[in-house]
Amino acid sequence: MLVQNKHLTTIWYEQNTDKVKIIDQRLIPFELKIIELNTVDEVCFAIKEMQVRGAPLIGVTAAYGMYIAAREKVDLKDASEKINATRPTAVNLSWALNKIMTSIKDINTNELPIKILELANQIREDDITNCNNIGKHGYKLIKEVYEKNDKPVNILTHCNAGWLATVDWGTALAPVFVAHKNNIPIHVWVDETRPRNQGFNLTSWELLNENIPNSLIVDNVGGHLMQHNKIDMCITGTDRTASNGDVCNKIGTYLKALAAYDNEIPFYVSAPISSIDFNIENGIRDIPIEQRNSEEVSHIEGLDENNKIQKIKIVPEGAQCVNYAFDVTPAKYITKLITEKGIIDANSSSISRLKN
Ligand code: MRU
């Protein structure tokens, strides 16, 4: 999508320099910095410390991490285990690593780097195509609302499930981008998404760069807006959706889904098939929930008056902070899942049909 009117993606391989490049998302919206990933340790750091984040993007980064491992002659099993341990919740990480490990079983050692690079490039290309298709399917839902009401469609989203969470297009925001390109008037309510503020920092930056009207709200406002008919639909992404349709996504998604259910507002989840864990039958019971450093809760980052990024403490000395990064929304609260293969019910029979 666009950044200052130039098309950019979140990760790419530069053939003439043999470099994998990413945007360092920790600095957005204050600085746009492109960095290189040269070692497996740098790949692990990038995923763990969230230079790259968002379920599909960490899967693609893991795939390039395996190319880097093969190029640097690191043991591939060790590299795969190390990369897989960086973040526990998004299933795209193990999905991409398994895809690579199973595809290279019969490949000669000296051909491994080129073969893995081909696979990583393919995973990246597929992510773009799949997200674009999610956008085209989800667009129909937005168009329907516009044709019925004949006024701008108000959409609430949580966290960042835009192009920065994928390679391009995004998942939850892909329908928004496609609708905007098709001249459907839209306004997006952007949840702050504490503790790391992906809504304020990333989603608003994406929407502003695409000239899509949006308003930023703190995390607890959504319910009030729903009671006053200011939201037509919610769309979020997912880090791991269980085979029964339970959706794991950024912490706070569950509370928005409850409020949407109470107010009879559709709650859609854009879910690429790479984010579906067909091996987990019950999301609440079995999806591992990442707990991150408590400093993300006790501190907050922003620009000071000298335009320098600063981190400040916002809690009393000695306060105990707990940082759960994700929650699970039971399938009964999900109106539909928007996948690259079409719009489906969040239940096991519909989800199992996606397998083939
Ligand atoms: O912790 P993050 O920033 O990686 O969390 C991202 C989300 O929760 C997204 O909603 C999810 O990965 C779906 S992204 C297309």
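Structure report, in brief. (Residues numbered from 1 in each chain as written. Predicted model: local features only at pLDDT ≥ 70, side-chain atom pairs only at ≥ 80, totals over all residues. Heavy atoms only, no water.)

### Considerations on the overall build of the protein
Helix and strand counts for the protein come out as 12 helices and 18 strands. In terms of overall size, the protein behaves like a compact globule, its C-alpha atoms giving a radius of gyration of 20 Å where 356 residues would be expected to give roughly 21 Å. Taken over 356 residues, the protein has a buried fraction of 57%. A total accessible area of about 16000 Å² is found for the protein, and carbon and sulfur atoms account for 47% of it. Positive and negative side-chain charges in the protein, numbering 38 and 45 respectively, have mean positions lying 2 Å apart. (Helix = DSSP H or I, 4+ residues; strand = E, 2+ residues; numbered from the N terminus. Rg over C-alpha atoms; globule rule 2.2 N^0.38 Å. Buried < 20%, exposed > 50% of the residue type's maximum accessible area, 1.4 Å probe, protein only. Areas by Shrake-Rupley, 256 points an atom, 1.4 Å probe, with all protein chains shown as cover. Lys, Arg positive; Asp, Glu negative; His and termini not counted. Charge placed at Lys NZ, Arg CZ, Asp CG, Glu CD.)

### Regarding the site of the ligand
Close contacts around the ligand come from 19 residues, with Ala 55, Arg 87, Gln 198, Asn 249 and Lys 250 the closest. Here Gly 54 contributes a backbone N or O atom positioned 2.9 Å from an oxygen atom of the ligand. Lys 250 places a polar side-chain atom, nitrogen or oxygen, 2.8 Å from an oxygen atom of the ligand. Burial of the ligand by the protein chains amounts to 100% of its free accessible area of 410 Å². For the shell around the ligand, the secondary-structure elements that each account for two or more residues are α2 (55-71) and β11 (247-250). Taken together, the residues of the shell around the ligand break down into 7 nonpolar, 8 polar and 4 charged. (Near = heavy atom within 4 Å. Polar contact = N/O pair within 3.5 Å; in protein donor to acceptor, adjacent residues only side chain to side chain. Nonpolar A, V, L, I, M, F, W, Y, C, P; charged D, E, K, R; others polar.)

### Digging into a nonpolar patch on the surface
A cluster of nonpolar residues, Phe 30, Leu 303 and Ile 309, forms a patch on the protein surface that exposes about 230 Å² of accessible area. Looking at the element boundaries, Leu 303 is found in strand β14 (residues 299-303). (Patch = residues over 30% accessible without salt bridge, like charges linked within 9 Å, V, L, I, M, F, W, Y side chains within 5 Å. Salt bridge = Lys/Arg side-chain N within 4 Å of Asp/Glu carboxyl O.)

### Concerning unusual backbone geometry
Omega for the peptide link from Ile 28 to Pro 29 comes to 15°, which places this bond in the cis form. Residue placement: Pro 29 occurs in the loop between β4 (19-23) and β5 (34-37). Put simply, Arg 194 and Pro 195 share a cis peptide bond, and its omega is 10°. Positionally, Pro 195 belongs in the loop between β7 (186-191) and α7 (198-209). Look at Gln 4: it is not a glycine, yet its phi comes out positive at around 45°. Mapped onto the elements of the fold, Gln 4 is located in the loop between β1 (2-3) and β2 (6-7). Its identity as a non-glycine residue notwithstanding, Asp 150 has a phi of 55°, on the positive side. Inspection of the secondary structure puts Asp 150 in the loop between α5 (112-149) and β6 (153-157).

### Quick look at the nonpolar core
Membership of the largest hydrophobic core comes to 76 residues, with the highest contact counts inside it found for Ile 83, Ile 142, Trp 163, Val 176 and Ile 186. Ranked by residues supplied to this core, first place goes to α5 with 13 residues. Filtering out sequence-adjacent residues up to four positions away, Ile 186 remains in contact with Ile 142, Pro 152, Val 153, Ile 155, Val 176, Ala 179, His 180, Ile 212 and Pro 213. Val 247, Ala 259, Ile 351 and Leu 354 belong to the second largest nonpolar core, which has 25 residues in total. (Core = buried A, V, L, I, M, F, W, Y, C linked by side-chain atoms within 4.5 Å. Contact = heavy atoms within 4.5 Å.)

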